[in-house]
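# Structural characterization, general
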Amino acid sequence: MTEWIDPPDDDVVARLELDTTQEAPEIRLVEIVADLESVPETELDPIYNSIDDVVDSLLSSPPSSTANAELEFTYEGYRIHVKQGGTAVFRDATV
């Protein structure tokens, strides 16, 4: 089960903290979207079509803490914003 952080903005569908020590953190993003859509992960398109290895490198081998890196992309109808520290915000991309 996903531990959600209460979204403070009306347009935010979900906000949570990702485990930055997890191998292949992009898989966690797929799991979250599957939870939001109430579908099996296998019914979703592969996330590498949207982001390739960018999220993995951002969270698994992050730049220095002073870089304050962020990534934003669209996947399965969600606009996903991931911060270097692991905060992920999901918005409806169709709005």
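Because the structure is predicted, anything quoted here is derived from the model rather than measured.

### Looking at the overall build of the protein
- Of the regular secondary structure elements, the protein holds three helices and four strands.
- Taking all 95 residues of the protein together, the buried fraction comes to 37%.
- With the model as given, the accessible surface of the protein reaches about 5,800 Å², and the carbon-plus-sulfur share is 45%.

### So, the pairing of strand E2 (residues 70-75)
- Only one face of E2 is buried: it carries Leu71, Phe73 and Tyr75, and the other face, with Glu70, Glu72 and Thr74, is open.
- In this structure, E2 lies alongside strand E3 (residues 78-83), joined through six bridges in antiparallel fashion. Residue pairing for E3: glutamate 72 is matched across the bridge by histidine 81.
- The antiparallel hairpin formed by E2 and E3 contains two residues in its connecting segment, where glutamate 76 sits at a positive phi of about 50°.

### Some remarks on a negative patch on the surface
- A cluster of like negative charges, contributed by Glu37, Asp45, Glu76 and Asp92, occupies part of the molecular surface.
- With respect to the secondary-structure elements, aspartate 45 resides in the loop between helix H1 (25-37) and helix H2 (48-51).
- What makes aspartate 45 partly exposed here is its relative accessible area of 49%.

### A closer look at the pattern of salt bridges
- Tallied over the entire structure, the rule returns two salt bridges.
- When the shortest N-O distance is used, the salt bridge between glutamate 31 and arginine 28 registers 3.2 Å. Of this pair, glutamate 31 and arginine 28 both sit in helix H1, three residues apart, which is roughly one turn of that helix.
- The exposure class of arginine 28 is buried, given its relative accessible area of 18%.
- Residue arginine 79 is joined to glutamate 72 by a salt bridge in which the shortest nitrogen-to-oxygen separation is 3.3 Å.

### What to know about the sheet that holds E2
- Pairing within the open sheet is antiparallel, and its four strands lie in the order E1-E4-E3-E2. Both edges of this open sheet fall to strand E1 (12-17) and E2, since each of them pairs with a single strand only. Averaged over all pairs of adjacent strands, the angle between their axes in this sheet comes to 15°, without regard to strand direction.
- Relative to strand E4 (residues 87-92), E1 runs antiparallel, the two sharing five bridges. Looking at the pairing, glutamate 17 lines up with threonine 87 of E4.
- Those strands touched by H1 are E1, E2, E3 and E4, and its axis lies near 140° from that of E3.

Conventions used here
- Residues numbered from 1 in each chain as written.
- Predicted model: local features only at pLDDT ≥ 70, side-chain atom pairs only at ≥ 80, totals over all residues.
- Heavy atoms only, no water.
- Helix = DSSP H or I, 4+ residues; strand = E, 2+ residues; numbered from the N terminus.
- Buried < 20%, exposed > 50% of the residue type's maximum accessible area, 1.4 Å probe, protein only.
- Areas by Shrake-Rupley, 256 points an atom, 1.4 Å probe, with all protein chains shown as cover.
- Pairing = 2+ DSSP bridges.
- Patch = residues over 30% accessible without salt bridge, like charges linked within 9 Å, V, L, I, M, F, W, Y side chains within 5 Å.
- Salt bridge = Lys/Arg side-chain N within 4 Å of Asp/Glu carboxyl O.
- Lys, Arg positive; Asp, Glu negative; His and termini not counted.
- Charge placed at Lys NZ, Arg CZ, Asp CG, Glu CD.
- Axes fitted to C-alpha atoms, helices over the stretch in contact; angles between N-to-C directions.
- Contact = heavy atoms within 4.5 Å.

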